[in-house]
Amino acid sequence: MENSSIQEPFDLIRLSLSERVFVKLRGDRELTGILHAYDGHMNLIMSDVEETIMIVDVAEGAPAGQPATVNVAKRKMEMLFVRGDGVILVRLPYCRICRCSCNQVSPPSRT
Amino acid sequence: MSFFDFQGENLEDERERIRNGGLHENEDVAVYTWGEDSYDGLGDALQEGDDDFNDETFGGPGVVGKDFDFAGQTSLLEPEISQHKTANRAVASPQDLAPVRQAEQHPPVERRAPQSLESIWDDKSPFSVLPRENGGSRFAERERGQPSISQFSPYPESPMLHQAHASQGGARTLQEIEAEMRTAAIQSRNTLQRQQSALRLQQEEEQFLQEQAFQRRRLAAQQQREREREEREMQLQALQRLQQQQVMQMREHTQHQRTPPPRMLPVSQSPRFLDQRQMLLLQQEDQLRLQQELQEQLRMEDLERQLRAQQISQLNQGPIHFNHRRQPSGPTIAELQALQQQQQQQNRRHRSQSPAYQEFNVAQQNIQMQQRLLAELAQAEYLREFQGATQAEQEALRAEAMRKIVEAEKMEDKRRNKAAKIAHMSRYNDLMTQSDKDFITRIQVSQLVTPDPYADDFYAQVYSAIVRSRMGLQMQDERVLKFGSSGGISLGAPQKGPTRRPNAMQRMEQQVERIVSNARRREEEKGLHSLHSLQGALGKTSGRSYKAAPRQLLQVDENPATSPSHAHAHAHISKEDAKEGAATEAAKFSRETLGNGGNVVRKDPLTHRQVLAILEALYDLVLKVEQLRRDRPPQEDEQAGQQWERECNEIVEQLWEGLKVMVPLETSNPHPFVSLLFPSKGKKLLPRLTRHIDQPRMLTLMTLLVACFTQLDVVKQAPLLDSLDDTPEQAEAERQTQAFLTSVLQSILPVVTKLELHYVTALLGLLIERSQDIGALAQTKPGLALLTLFLSRVEVIKQAWGTGADPIDRVSASASLEQWQAVFDQFFALLTPHFLRLFPSSRITLQAHHPASAALAIDIIDQPVWQFLAALALLAVPEQHQVLVTSLRDKVLENVLSANKGWVADEDERRTKLANVNLFLHALGLDSSQITL
């Protein structure tokens, strides 16, 4: 009954308005923040954002099997406009029911 | 002139040789002797036949047209040649001066027209029909009327004419053509010579003519001078007569008598000129009145003489004056007076003239003004002399004059700048027609029209409403243009102060209305005709195509009900479904009844997504009802008012349903309503929503909230706040708590402030009963805030009763007071072991890594606790006071001590500590200053 209002994918994003969301971006970046607005291009306006940037360093001339070192850089922003063309996914960061922080996103493994 | 650099002599020689048959001997060329005796007859061997369609293929042997005569066309564009030709014509008849002058006065454009048309008129090519620029066709008609003019052509026959004649006369031999070319070459040579001599002649002639004209003009000028002198004398006499009369009469009379000469007009528009004149005139008048007539006569004659001398000298200065055709003579007295009278009027006219118009005169005026100024200065000098003014007066006059001149120049500059600006701006005037502008406006406006102008421009509208209320203006509520029910345009924020805009706005409104009505009409028409007009617009399918479509092999009945097998399958599935559903339902039901002993259907708590979906739906409803409240119909329209009322109530009903307040308490844990308050937007929604809910329902809502208070996320997560570690969870809890305090408690505040005492008693009892551990609840911010709210409400009621402000029934009042005291005693007893734990500062342990500012923050978060304790102390009986003081003694002493001994970071912290303590002590009738350490 409650789901009758969901007719298109954007309705799901609408549910997340003014909620904390997890946004995956191109270029190995991830955001968590409170979603305030979005549009059809997936442009987002977020506040209280923490950005996580994965920096994958592959050593020069290293053998193929050697795992690359992954450095994580983080920064915080009070208010952020995200251009929609970089957005890969938007989801709630953790489920309310179990109160667990299901925020374990496996970092992109590039070997 | 020769073609392709062929020398005329060579052509001549060539021709000679050809004529003499030299070709046969000298040329090493195969010679074809077709038709002669020596003809070898090879031509007869040619295969003849199948030539039937030759004409059709290569064109018939018809008359060759002249359309290819492009040389004739291009020669039209050689004005130089034709000019010389006309000059030659003048040479041919030097005695007759008239035609020459006429020719000279024609612009060259016209002059080249005749000979070109000569060749064009008699052909039928399309070129001759086409109108040409420079008014050639107009001229051509005149030429047709007088064909004899062509006789004036310097060429007896122009080369072009040759070609024209030749083409009419059929095919020509090569010899003929060559002959023509030769003659043309010779003629062109001759022409060159003739042109040179003609040029010489022309120059001489022009000189002669100029001289003649000069002399004639001089004669005329002399005559004119004579006339003017006479006129002036007459005027002088008239003036002398008139001076005996009154001034006013005289002025009228002179104005009547003669209008100023035309040359005065443009100059007299200059304010500089007028000012100076006026000044001089005033002096003159005074003096003239004083002097005797004889003297006057003498001086006038003297003036006259000098003026004449001046004129003559100016005349002799050179021919420049002739160009101007004006004789800059000094003004006579009469002229001056007439001028003075006209001054006012002309000044007015001068100002009323549009700057654009003045711009046209500026250049001309400048030249004139300069000349005039020079003359004026000379005259002023002279006039001063003869007036016999004193030296001081003269100086003053001069200074004044200079000042006026500078002023006038400034004015002039300003005016010129303005005119230039206007001219600059008006460069693009009339580039677009009105329909162009309308078209563009239509496009722009069509982008602005929306079905719901208020909602589409919501933020601007709300902002402008706020701005307006701040300015204290009471304008119409919405700045939108509405067109019936179909749409409108938002006008955005209001303008500040009167501008040109309102006018433009009105115009836009009108235009928009027109456009919208037009569009609507078009829409209707389209609706009527759309089916017919679009049928077959993409072409019709040919009859064959449907035959090519595959034949239908399966005949499936459209109505499945008639298919027995299908219906059976469907029924089977649905039956099984129902059975299964019923089984689970039954199991569930039994579980519920066993678990709770009530007949409440237990359900799973709402999932997070369900909550969010419900909240979105609620937000939609809230927005709808808010919009509806804004669109309240006017009072007089009762039917619309009722309709509006119904709609509002319906939406409010939906809101109430959506809030799920009426769902039985035991349905789920957390209760659906509490689930809705989990997300911060749910908390924020409540105050917007409760505005539309009436008092009894709000009471129900609050009761539910109190009953389910421990289920609230903010209460559950409160321990998280007792940490100074900055974790995301803690930040989230902080955010939620803030939202709860500012939104949810704010929305129930108006209900609490109207609560009766027995209601408060019941609510407090309910809270104690439902929360199991009231001490723990009081340790949470929301719980503490709610308890403070209740206690302060009771205190207010008690005060109202005490002062008699609230007339009450004593019996019921004492009964409810008794009830309250019982509940309060229970509450106090339950709370007593927790008094110290109420303080966040007692729960929080400062760790080394925490910032120094955290200490002050602790005091600040203690503040609500002190407030609560103060409220508690106010309601407590003396024994309870005792308990309070003994429990909190350490805390109070610690605060006072640290404040007095300076164990604080700064003055702020000290003051906060003392204020906190005093808040509580004042409620007990004490003060921190009474405490001695």
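Just so we're clear, the structure is a prediction, and the values are computed from it rather than from any experiment. All chains use their own residue numbering, which begins from 1 and follows the written sequence. Following the order in which they are written, the chains are lettered starting with A and the ligands numbered starting with 1. Given that the model is predicted, a residue must reach a pLDDT of at least 70 before its local features are reported, and side-chain atom pairs must reach 80 or more before they are shown or counted; all residues, however, enter totals for whole chains, interfaces and linings. Side-chain numbers come from the whole structure's heavy atoms, not from hydrogens or water.

(A) Representation of the overall build of chain B. Where helices and strands are cited, they refer to DSSP runs of H or I of at least four residues and of E of at least two residues respectively, numbered from the N terminus. A tally of regular secondary structure across chain B gives 41 helices and two strands. Each residue gets one of three labels from its accessible area relative to the maximum for its type: buried under 20%, exposed over 50%, partly exposed in between, using a 1.4 Å probe on protein chains only. Counting the 933 residues in chain B, one finds 35% classified as buried. We call two residues in contact when some of their heavy atoms are within 4.5 Å. Within chain B, contacts between residues at least 6 apart in sequence are counted, and of these 75% link residues at least 24 apart.

(B) Structural view of the packing of aromatic side chains. Residue and element names in this part refer to chain B. Aromatic contacts are taken between Phe, Tyr and Trp rings whose centres are within 6.5 Å, Trp giving its six-membered ring; a plane angle under 30 degrees counts as stacked, one over 60 as edge-to-face, and the others as tilted. Under the defined criterion, the tally for this structure stands at ten aromatic pairs over all chains. Aromatic pair Phe 824 and Phe 827: ring centres 6.5 Å apart, planes at 55°, arrangement tilted. Taken together, the residues span about one helical turn, with Phe 824 and Phe 827 both in helix H37 (residues 810-831) at a distance of three residues. Look at Phe 824 and you get buried, because its relative accessible area is 0%. A centroid spacing of 5.5 Å and a plane angle of 65° characterise the contact between Phe 828 and Phe 835, whose relative ring orientation is edge-to-face. Residue Phe 828 is classed as buried on the basis of its relative accessible area, which comes to 4%. In this structure Phe 835 comes out as buried when scored by relative accessible area, which is 0%. Site record: aromatic cluster; members linked through ring pairs are Trp 820, Phe 824, Phe 827, Phe 828, Phe 835 and Phe 868.

(C) Highlighting a nonpolar patch on the surface. Judged by side-chain polarity, Tyr 428, Leu 431, Met 432, Phe 439, Ile 440 and Ile 443 of chain B come together as a nonpolar surface patch covering roughly 600 Å² of accessible area. Positionally, Ile 440 of chain B belongs in helix H21 (residues 434-448). Patch membership is restricted to residues that have no salt bridge and whose relative accessible area is over 30%. Joining uses 9 Å for like charges and 5 Å for the nonpolar side chains Val, Leu, Ile, Met, Phe, Trp and Tyr. The accessible surface values rely on the Shrake-Rupley method and a 1.4 Å probe; as for residues, cover is taken only from the protein chains in view. Within this document, salt bridges are pairs made up of a side-chain nitrogen of Lys or Arg and a carboxyl oxygen of Asp or Glu, the two lying within 4 Å of each other.

(D) Structural view of the sheet that holds strand E2 (residues 29-38) of chain A. Residue and element names in this part refer to chain A. Spatially, five strands are ordered E4-E3-E2-E1-E5 in an open sheet, and the strand pairing comes out antiparallel. The outermost strands of the open sheet, each flanked by one partner alone, are strand E4 (69-82) and strand E5 (87-91). Sheet twist, expressed as the mean angle between neighbouring strand axes with direction ignored, is 25°. Only when DSSP finds a minimum of two bridges between them are two strands counted as paired. The sheet contact formed by strand E1 (residues 20-25) and E5 spans four bridges and is antiparallel. Each residue of the ladder has a partner; that of Leu 25, found in E5, is Val 87. Simply put, an axis is a line fit to the C-alpha atoms, just over the touching stretch for a helix, and the angle between two N-to-C directions goes from 0 to 180 degrees.

(E) Main features of the side chain of His 608 of chain B. By secondary structure assignment, the location of His 608 of chain B is in helix H27 (residues 608-630). In this structure the side chain of His 608 of chain B is engaged in a polar contact, spanning 3.4 Å, whose partner is the side chain of Glu 19 of chain A. Contacts described as polar in this section are N or O atom pairs within 3.5 Å, which, within protein, must combine one atom able to donate a hydrogen with one able to accept it, while residues neighboring in sequence count only if both atoms come from side chains.

(F) Up close: the packing of helix H31 (residues 695-707) of chain B against helix H33 (residues 728-752) of chain B. Residues and elements named next belong to chain B. Orientation of H31 relative to H33, taken along the N-to-C sense of each, is 125°, at an axis distance of 10 Å. Taken together, the axes of H31 and H33 are oblique relative to one another. When you trace H31 past H33, the crossing you get is left-handed. Here Gln 695, Met 698, Leu 699, Leu 701, Met 702 and Leu 705 of H31 lie close against H33, whose contacting residues are Val 744, Ser 747, Ile 748, Val 751 and Val 752. Working definition: roughly parallel below 35 degrees, roughly antiparallel above 145 degrees, roughly perpendicular at 65 to 115 degrees, and oblique for all remaining angles. Throughout, a crossing is termed right-handed when the near helix is turned clockwise from the far one, and left-handed when it is turned anticlockwise from it by less than a right angle.

(G) Focus on the pairing of E2 of chain A. Residues and elements named next belong to chain A. Pairing geometry for E1 and E2, over six bridges, is antiparallel. Across the sheet, residue Phe 22 finds its bridge partner in E2, namely Thr 32. Count of turn residues in the E1/E2 antiparallel hairpin: three residues, of which Gly 27 carries a positive phi of about 80°. In terms of strand pairing, E2 meets strand E3 (residues 44-57) through eight bridges, oriented antiparallel. In the strand pairing of E3, Leu 31 is matched with Glu 51. Counted along the chain from E2 to the antiparallel partner E3, the turn is five residues long, and its residue Met 42 has a positive phi close to 70°.

(H) Broad picture of the confidence of the model for chain B. One number per residue, pLDDT, summarises how confident the predictor is, and it ranges from 0 to 100. Per-residue pLDDT for chain B has a mean of 71; in total, 56% of the residues score no lower than 70. For residues 156-169 of chain B, every residue scores under 50 in pLDDT, and the model assigns this stretch 14 contacts once sequence neighbours within four places are set aside.

(I) Quick look at the pattern of salt bridges. Tallying each qualifying case throughout the model produces 21 salt bridges over all chains. Here Arg 29 of chain A makes a salt bridge to Glu 51 of chain A, at a shortest N to O gap of 2.9 Å. In this pair, Arg 29 of chain A sits in strand E2 while Glu 51 of chain A sits in strand E3, placing the two residues 22 residues apart along the sequence. Residue Arg 29 of chain A is classed as partly exposed on the basis of its relative accessible area of 29%. Assessed through its relative accessible area of 5%, Glu 51 of chain A is described here as buried. Ionic pairing is found between Asp 413 of chain B and Arg 416 of chain B, a salt bridge with its closest N-O pair at 3.7 Å. Here Asp 413 of chain B and its partner Arg 416 of chain B are both found in helix H20 (residues 391-425), three residues apart, which amounts to about one turn of the helix. Residue Asp 413 of chain B is classed as partly exposed on the basis of its relative accessible area, which comes to 41%.

(J) Here's a closer look at the environment of Val 794 of chain B. All names here are of chain B. Counting through the fold element by element, Val 794 comes out in helix H36 (residues 781-803). Each C-alpha atom of the pair Val 794 and Trp 820 lies 8.9 Å from the other, and the pair is 26 residues apart in sequence. Beyond its immediate stretch of four places on either side in the chain, Val 794 contacts Leu 757, Val 760, Trp 820 and Leu 875.

(K) Quick look at the environment of Leu 786 of chain B. Residues and elements named next belong to chain B. Following the sequence through the fold, Leu 786 ends up in helix H36. Taking C-alpha positions, Leu 786 is 9.7 Å from Phe 868, a pair spaced 82 residues apart along the chain. Not counting chain neighbours up to four residues away, the residues in contact with Leu 786 comprise Val 706, Phe 709, Leu 745, Ile 748 and Leu 767.

(L) The arrangement of H31 of chain B in detail. Its 13 residues place the ends of H31 of chain B 18 Å apart at the C-alpha level, agreeing with the 18 Å of an ideal helix rising 1.5 Å per residue. On the buried face of H31 of chain B, the contacting elements are helix H28 (638-659), helix H29 (672-676), helix H30 (680-690), H33, helix H34 (757-771) and H36 of chain B. Helix span is expected to be 1.5 Å times the residue number reduced by one.

(M) Focus on the confidence of the model for chain A. Averaged over all residues, the pLDDT of chain A equals 79, while 74% of them reach at least 70. This model gives residues 95-111 of chain A a pLDDT under 50, and the stretch forms 34 contacts once residues within four places in sequence are excluded.

(N) Seen up close, unusual backbone geometry. Of the consecutive residues Asn 669 of chain B and Pro 670 of chain B, the connecting peptide bond is found in the cis state with omega at 0°. Among the structural elements, Pro 670 of chain B can be located in the loop between H28 and H29. Phi at Asp 28 of chain A takes a positive value of approximately 55°, unusual for a residue other than glycine. Inspection of the secondary structure assignment puts Asp 28 of chain A in the loop between E1 and E2. Overall, the relative accessible area of 19% leaves Asp 28 of chain A in the buried class. Unusually for a residue other than glycine, Met 42 of chain A sits at a positive phi of about 70°. Positionally, Met 42 of chain A belongs in the loop between E2 and E3. Residue classification places Met 42 of chain A among the buried positions, given a relative accessible area of 19%.

(O) Quick look at the nonpolar core. Each nonpolar core is a collection of buried residues, namely Ala, Val, Leu, Ile, Met, Phe, Trp, Tyr and Cys, held together in the definition by side-chain atoms within 4.5 Å. Counting residues in each nonpolar core, the largest one holds 93 residues, and the members touching the most others are Leu 618, Leu 659, Phe 827, Phe 868, Leu 869, Leu 872 and Phe 920 of chain B. Beyond its immediate sequence surroundings of up to four residues, Leu 872 of chain B is in contact with Leu 791, Phe 824, Phe 827, Phe 828, Leu 831, Phe 835 and Leu 884 of chain B.

(P) Structural detail: the packing of H27 of chain B against H28 of chain B. Residues and elements named next belong to chain B. Between H27 and H28, whose axes approach to 10 Å, the crossing angle comes to 160°. Comparing the axis directions of H27 and H28 gives the class roughly antiparallel. Seen along the crossing, H27 lies across H28 with a hand that is left-handed. For the pair H27 and H28, contact is made by Ile 614, Leu 618, Leu 621, Val 622, Lys 624, Val 625, Leu 628 and Arg 629 and by Trp 644, Glu 647, Cys 648, Ile 651, Val 652, Gln 654, Leu 655, Gly 658 and Leu 659, respectively. All amino acids are sorted into three groups, where Ala, Val, Leu, Ile, Met, Phe, Trp, Tyr, Cys and Pro are nonpolar, Asp, Glu, Lys and Arg are charged, and the leftover types, Gly among them, are polar. In terms of residue class, the contact of H27 with H28 is made up of twelve nonpolar, two polar and three charged.

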